[in-house]
Structure formats: C-alpha cells, structure tokens
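Analysis of the macromolecular model
Here is how the chains run, residue by residue.
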Amino acid sequence: MPSFDATAVLAQLDAAATAGKITPAAAANVRIWLTEPRYSDYAEETARHVTEGKWKELDDAFWTIIPFGTGGRRGKMYPIGCNAINDRTIGESAQGLATYVLEQKLPADQLSCGIAYDTRHNSRRFAELCASIMVANGFKVFFLDDYRSTPELSFLVRNKKCACGIMVTASHNPPSDNAVKVYWSSGAQVIPPHDKAIVDRVMNTDVIKKTDFNAAVAEGKVIFCKEEVDEAFYQNVYGQSFFGPRNIKIIYSPLHGVGESAVIPVLKRDNFQDIEIYAPHREQSGDFPNVPGHVSNPENVEVFDAIISRAYTSGADVILATDPDCDRMGCAAPVKIPLSKDMKQTPWATFNGNQLGVLLADYVCEQRKKNGGLTKDHFLVTTLVTTQMIRRLGESYGVKTYNNLHVGFKWIAKQIDEGGPDLFLFGTEESHGFLIGQYVRDKDGAAACMLMAELAAVCKDQKKTIHERLDSLYWQHGYHGERVLNVTMPGSAGMARMQSLMGNFRSNPPTSLAGIKVTQVRDYKNLTTTPTGGKPTKLDAPPADMVILDLEAEGNYVAVRPSGTEPKVKFYMFTYVPAEQLADLDRTKEEMNERMKAYETDLKAFADKA
C-alpha cells in the first residue's frame, strides 16, 4: 500500500494540468507512475514531487517516453520519470533486450551478453543492474570490471561470441546524462529489424526480472574478463598499424574518460615512446571538471586550448584527444613547421571530423597501395553528411566508396559486412568517428589515435605539418569546406518546434542560402527529390528524418536532421571548389568560410520561424 493519499495526489496533479502547470502528456505519464503496480517502487517519490509542486521537474521527466536514438537510449539522469535515465528506464532497456533475444530461440551455449561501462556517474551501478537482469533471464554475462571503452565492448561481443551487448555511456553528452548503447551479436549497434523489435519489447515491459549481482558473480554467471579481453583488444588494434617513422612527441588527453586504458597501451605497442598524458584531463571523473562547459567532446575546439598552451612549452608535435567512452578522436597540430626552437612562434589549429576522415582515409589507402594490397574491389565507407572529398580521393586510388548511408556507425558496420570485411579499408563520419579493420563494428578512438600518430610521424619525417598535408590533398581533389550548426530545442516545446521546422523544410524550404539558389530538395523521409518548381521523383536511399537542400553552386548543399541522441537539430553545411578552379588556396578558404557563415545566418533565421 502506498504511504501517500493517492486520491489527493491525483487531484493535485489534475488541477496542475488544468492550470497549465504541467503538459497533458506529462500529467498522463505521472498518473501511470502513481497508479500502475509496475512503477510501485517509484510511486512515493513521484507523489512527493507532486505534493511539493515540482511541476517543471515533473514535466521534464515525464513529457514523453525516452526513445531509442541512433545508438540506444540516452538522456538526463533523474530518479523518476519515463523521459529520464534511471533504474526503471535502464531496467526496461535491459529487460526488453533480453526478452527479444530469448525469442530468437538460440542454443543455451550462445545465450550470453557482454557488458561494459565508462566513467560517468552511476555507470557502474547501471552496468551491474543490466548484468543482474540479463542473468535473471538466463544469460551468461561477460563483464569488463573497470572503466573501458565502447569499442572494447564491441570487441568483447565478437570475441566471446555473445548474442548481444550493453555499453553504459552517454558518450560526449554533459555530466547530467547517461545511457545504454545496445549491440547485436555482430558487435554493431542494433539495426532493423532488431532495433524496432527491441524498442517494442522495451515499451511493453511490465515485470523486470532481477537477481543479486554479487551472487551472480559468485555463481560464475557474471564472468570478469577484463585482463583477457584487454590483451586481445590491444593486439587487434595494433594489428591495424603500418610500418614507418615513430620519432614524435605526443600529448594525449582522455578528457576525464576511459581513453587512457585503450590509447596508451596501443600507442606503446606501436613503438611510440614519447607520450605525455595531459595531467588536468587525466582524472577519471563523470563531472569532466577541467574541460570548457564540462562537456568532453573532441569536436569542440575549446577543449584543445589549454592543451595547446602546454604543447608550446613541451615541444609536442601533435595533440590527440578522445571522448569519455573513447570512440571519437580529435586532433590539433602546428600549422607550419617551427622556424626556430621557440614553439610560441608557431600557431596551432585543430581539425574537424571531415578533415580527419580525409587525412586518415588517404593515409590508409596510401599505405595499402604502397604494400601492394589495394584493388578496385576495396572500399571506403562514409555517410550522407560526411565530406564528398572521401569519395574523390577514393576514386584517385581506384577504390569504391559507399556513401549513401545515414548518420550512425551501425550503418557503416552493416555496409562493411555487406561489402565484404576482407575488402573494407576505412570508415568514417563527420562526428569524429573512424574505423579500420574487422575486429570491431563500431568507431574506435584508440585505432584512430594510433593512425593519426603514425601520420604525424610521417609528416614530420617529410618536414611538413599535418595541415600542410591536408592542403596538398585540397590541391589534388579540390577544396572542401564543411561546418556543423547545432540548434538546441529542449523539452516538449522543443520537440514540437523540431517537427515544425522539419515540416517547413519539406513543404516550404528556403529558395536560396547565402544568395545561392536552392535547385532541389532531397527528402529522405518521403524518399523524394523535388527540383525547384518541379514535380517530385523517387529518391533511391534508405529512409530517415533528414532533408538535403542542393544549391546551384556545384558541390554546395546543406543537410538538416534532428539529432538521434540529443534535443537539437543539426545543420550540415558543405562547400566545394574544384581543383582546376583553385588559384589561391588561402583566399578560397576565406571565401568558403564566409559563405558558410552566411549559410548559418540564413538557416538560423529560417529555424527561428518554426
């Protein structure tokens, strides 16, 4: 029996909804958590929120049911609520996964699950909760008993031939957030039809089966396998290395995450000796205390500012950084070769994800060609919102590029298996995700750091910087400039605004951006291509909630899509100047930067109308 007066609490909830203090959807979900037996463990705390009039907190936590996005179920942690990460929503996720896998009628010896977790608050507790649920459903659990990377979880699933896997992480999100990423037996995040089927089981979970975690460990149903899997993982990452110079000084930042456990062993195996771990970012902390805004994202240029200051005094050649779960890599390097030993005379700059993808794809192709291991059947993989420069450099090496894919490394993983893993060269997407080899089916920050360190050493040996190498690729393949604009739209009002904005792009899109005419609209939800003033034709592509505006200038376009993991809309801007039209690269960069600024201004103005 509840310890609160349910009739009075429900009356107070109804009055608040009538007065507009809480949205109808949130009020309906709060009522469910107050009255249905499956939520009895949370009813008292929910009732306390009602009696104390915490309407904003209740609305934020209950206005919708937290969805599965591009990688799993991610959101702000809060002890109650269907739109928050808590024991109930994490438990539903694990139970739903277990229920669906059991329906596949696998042999008993194949019924296992790999589980890992990162440095975020509650990650270990959520990992133990997931393990206890999987064991209660008859699974053996292989458990990485310390902070470990997401790619190592992908490796664990493949290495132990697990039926599925769970990674507890919210990647580069703020400290308030956590999540579960769900993996299939391939080691890749779940894709259709499994993803929708798992979501259906999650949403219809009533009873969550649980057992005691410590008892499961004692009974051998949860197996700690960190040392064994670490060794195999490191060896497989190192197996992707290429022979070459190693005479560089590296500064590496794990950005308060798990990366030191993966990156440093791999770099040392690859014979890099002079490595400094950036001390202010070394603490494994879910608060991410020493990075700007407490957001540990290597996509953010600001996270490198303090490290670059250190590089000036240490004589470093390159800075590498990974996000909290070590599946993304960022990099900074000197723009020019120092004219003297005074490093302060040499400006440094970061690379965006597209530039890093270009550099690494070219490096991999170059090395494979040098070793005689490149054929016309080999292939690169990117996405629809990744630079077209990858395709152009692939053509120069005579290899294929698959790029008609949506955001998410699960689609790249799917293409690897469809195209043939033995022929796969390199995969990348603009958000600093990179993949080489067959040992995992997800992006890997450790492998990316290793390859980037190798490339930095090659450049130094050739007496040029990484930035100068990128410029040489622009001269060869044309200048490609890209930028990403994020427009945050939180809460129920934000969701409605996002839906309105996407509707506007489909039904009444801008006629021009930066003074350049929009020539056609590619609608990936309705799978149509509509020329300006013309009739729609069928679009050959996988479906997704995304629109691309093609502009009159060749290779210039803008993509817009709601994020699958955060409450925001993402705008991807692309510019292009063919190699034969390049005369002054620095001037071209400035002009394309100004063009993208104008795109951004026009897109913000259009979004403000939603």
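First, a word on scope: everything that follows refers to the structure included in this document. (Residues numbered from 1 in each chain as written. Predicted model: local features only at pLDDT ≥ 70, side-chain atom pairs only at ≥ 80, totals over all residues. Heavy atoms only, no water.)

1. Description of the overall build of the protein chain
Looking only at helices and strands, the protein chain features 19 helices and 23 strands. For 610 residues, the compact-globule estimate of 2.2 N^0.38 gives 25 Å, and the protein chain sits close to it at 25 Å. The C-alpha extent of the protein chain, read off along each of the three principal axes, is 75 × 60 × 45 Å. Counting only residues that meet the buried cut, the protein chain has 57% of its 610 residues in that class. Across the protein chain, contacts joining residues at least 24 apart in sequence account for 69% of those joining residues at least 6 apart. Of the roughly 24,100 Å² of accessible surface on the protein chain, a fraction of 50% belongs to carbon and sulfur atoms. (Helix = DSSP H or I, 4+ residues; strand = E, 2+ residues; numbered from the N terminus. Rg over C-alpha atoms; globule rule 2.2 N^0.38 Å. Buried < 20%, exposed > 50% of the residue type's maximum accessible area, 1.4 Å probe, protein only. Contact = heavy atoms within 4.5 Å. Areas by Shrake-Rupley, 256 points an atom, 1.4 Å probe, with all protein chains shown as cover.)

2. Quick word on the sheet that holds strand S8 (residues 274-277)
Taken together, five strands build an open sheet; the order of strands is S8-S7-S9-S10-S11 and the sheet is mixed. Because the sheet does not close on itself, it has two edges, and the strands there are S8 and strand S11 (348-350). Neighbouring strand axes in the sheet, compared pairwise and without regard to direction, differ in orientation by 20° on average. Examined bridge by bridge, strand S9 (residues 318-322) and strand S10 (residues 329-334) share four bridges and lie antiparallel to one another. Opposite Leu320, over in S10, you have Cys331 as the bridge partner. (Pairing = 2+ DSSP bridges. Axes fitted to C-alpha atoms, helices over the stretch in contact; angles between N-to-C directions.)

3. Looking at the packing of aromatic side chains
For the structure shown, the criterion picks out 20 aromatic pairs. When the ring of Tyr100 is compared with that of Trp184, the centres are 5.7 Å apart and the planes differ by 45°; the resulting orientation is tilted. Taken as a pair, Tyr100 in helix H5 (residues 87-103) and Trp184 in strand S5 (residues 177-184) lie far apart in primary sequence, 84 residues in all. Judged by its relative accessible area of 8%, Tyr100 falls in the buried class. A relative accessible area of 14% means that Trp184 is categorised as buried. When the ring of Phe233 is compared with that of Tyr234, the centres are 6.3 Å apart and the planes differ by 55°; the resulting orientation is tilted. Across the pair, Tyr234 and Phe233 agree in class, each one buried. Counting every residue linked through ring pairs, the aromatic cluster contains Tyr117, Phe143, Tyr147, Phe213 and Phe224. Note that Arg392 overlies the ring of Tyr576, its terminal NZ or CZ placed 3.9 Å from the centroid. Between the NZ or CZ atom of Arg522 and the centre of the ring of Tyr557, over which it lies, the distance is 5.9 Å. (Phe/Tyr/Trp six-rings, centres within 6.5 Å; stacked < 30°, edge-to-face > 60°. Lys NZ or Arg CZ within 6 Å of the ring centre and 35° of its normal.)

4. Points about the environment of Ala17
Among the secondary structure elements, Ala17 is positioned in helix H1 (residues 6-18). Here Ala17 falls in the partly exposed class, since its relative accessible area comes to 28%. Each C-alpha atom of the pair Ala17 and Asn556 lies 48 Å from the other, and the pair is 539 residues apart in sequence.

5. A closer look at the pairing of strand S18 (residues 516-523)
Here two bridges tie strand S17 (residues 512-513) to S18, and the two strands are oriented antiparallel to one another. Looking at S18, one finds that Leu513 is bridged to Ile516. Turn length for the S17-S18 hairpin, with the two strands adjacent in sequence and antiparallel, is two residues, and the turn residue Ala514 shows positive phi of about 55°. As defined by bridge partners, S18 adjoins strand S21 (residues 547-551) across five bridges and the pair is classed as antiparallel. Directly across from Gln520, in S21, lies its bridge partner Asp550.

6. A look at the sheet that holds strand S1 (residues 72-76)
Taken in spatial order, the six strands of this open sheet run S1-S5-S4-S2-S3-S6, and their pairing is mixed. Each edge of the open sheet is held by one strand with a lone partner, namely S1 and strand S6 (222-224). The sheet shows a mean angle of 15° between the axes of neighbouring strands, direction not considered. Bridging between strand S2 (residues 112-117) and strand S3 (residues 140-147) involves five bridges; their strand directions are parallel. Residue pairing in the sheet places Ser112 in a bridge with Lys140 of S3. Sheet contacts for helix H7 (residues 150-159): S2, S3, strand S4 (164-168) and S5; angle to S4, the most-contacted strand, approximately 165°.

7. A word on the side chain of Asp550
With respect to the helices and strands, Asp550 occurs in strand S21. A polar contact is formed between the side chain of Asp550 and the side chain of Gln520, at a distance of 2.8 Å. Beyond its immediate chain neighbours, meaning those up to four positions away, Asp550 contacts Lys517, Val518, Thr519, Gln520, Arg522, Asn556 and Tyr557. (Polar contact = N/O pair within 3.5 Å; in protein donor to acceptor, adjacent residues only side chain to side chain.)

8. Brief notes about the nonpolar core
Core analysis: the biggest nonpolar cluster contains 86 residues, and Leu320, Met329, Phe426, Met452 and Ile466 have the highest contact counts within it. At 13 residues, helix H16 (residues 445-461) tops the list of elements feeding residues into this core. Every residue in contact with Met329, bar those within four places of it in the chain, is listed here: Pro298, Leu320, Ala321, Thr322, Leu356, Leu360, His432, Phe434, Gly445, Ala448, Cys449 and Met452. By size, the runner-up hydrophobic cluster in this structure holds 40 residues, among which are Ile66, Val101, Phe143 and Ala163. (Core = buried A, V, L, I, M, F, W, Y, C linked by side-chain atoms within 4.5 Å.)

9. A few points about helix H6 (residues 123-136)
For H6, with 14 residues, the first-to-last C-alpha span of 20 Å sits near the 20 Å given by 1.5 Å per residue. Of all 14 residues making up H6, 10 are buried, and the element is well covered by its neighbours. Buried within H6 are the following residues: Ser123, Phe126, Ala127, Leu129, Cys130, Ala131, Ser132, Ile133, Met134 and Val135. Looking at the residues trailing H6, positive phi occurs at Gly138, about 100°. (Expected span 1.5 Å × (residues − 1).)

10. Digging into the packing of helix H13 (residues 353-370) against helix H17 (residues 466-477)
Between two packed helices, both the angle of their axes relative to each other and the distance between the axes serve to describe the pair. Two numbers describe how H13 lies on H17: the axes approach to 11 Å, and their chain directions differ by 80°. Looking at the two axes, H13 sits roughly perpendicular to H17. Touching Gln355, Val358, Leu359, Asp362, Tyr363 and Glu366 of H13 are Ile466, Arg469, Leu470, Leu473 and Tyr474, all from H17. Among the residues forming the contact of H13 with H17, the class breakdown is seven nonpolar, one polar and three charged. (Parallel < 35°, antiparallel > 145°, perpendicular 65-115°, else oblique. Nonpolar A, V, L, I, M, F, W, Y, C, P; charged D, E, K, R; others polar.)

11. Some words on the packing of helix H2 (residues 24-35) against helix H4 (residues 55-62)
In contact at an axis separation of 8 Å, H2 and H4 are set at 85° when each is read in the N-to-C sense. One finds that H2 runs roughly perpendicular with respect to H4. Only Leu58, Asp59 and Phe62 of H4 make contact with H2, whose side of the interface consists of Ala25, Ala26, Asn29, Val30 and Trp33. Taken together, the residues of the contact of H2 with H4 sort by class into six nonpolar, one polar and one charged.

12. Topic: the side chain of Asn83
As for its placement among the helices and strands, Asn83 is situated in the loop between S1 and H5. Discounting residues that sit within four places of it in the chain, Asn83 has contacts with Asp60, Ala61, Phe62, Trp63, Thr64 and Ile66.

13. A short note on unusual backbone geometry
In this chain, Pro192 is followed by Pro193 through a cis amide linkage whose omega measures 0°. Summarising the element assignment, Pro193 is placed in the loop between S5 and helix H8 (194-203). Phi is positive for Ser171, which is not a glycine, with a value near 55°. Examined against the element boundaries, Ser171 turns out to sit in the loop between S4 and S5. Here Ser171 falls in the buried class, since its relative accessible area comes to 1%. Phi is positive for His294, which is not a glycine, with a value near 55°. One can find His294 in the loop between S8 and helix H12 (305-314). Assessed through its relative accessible area of 38%, His294 is described here as partly exposed.

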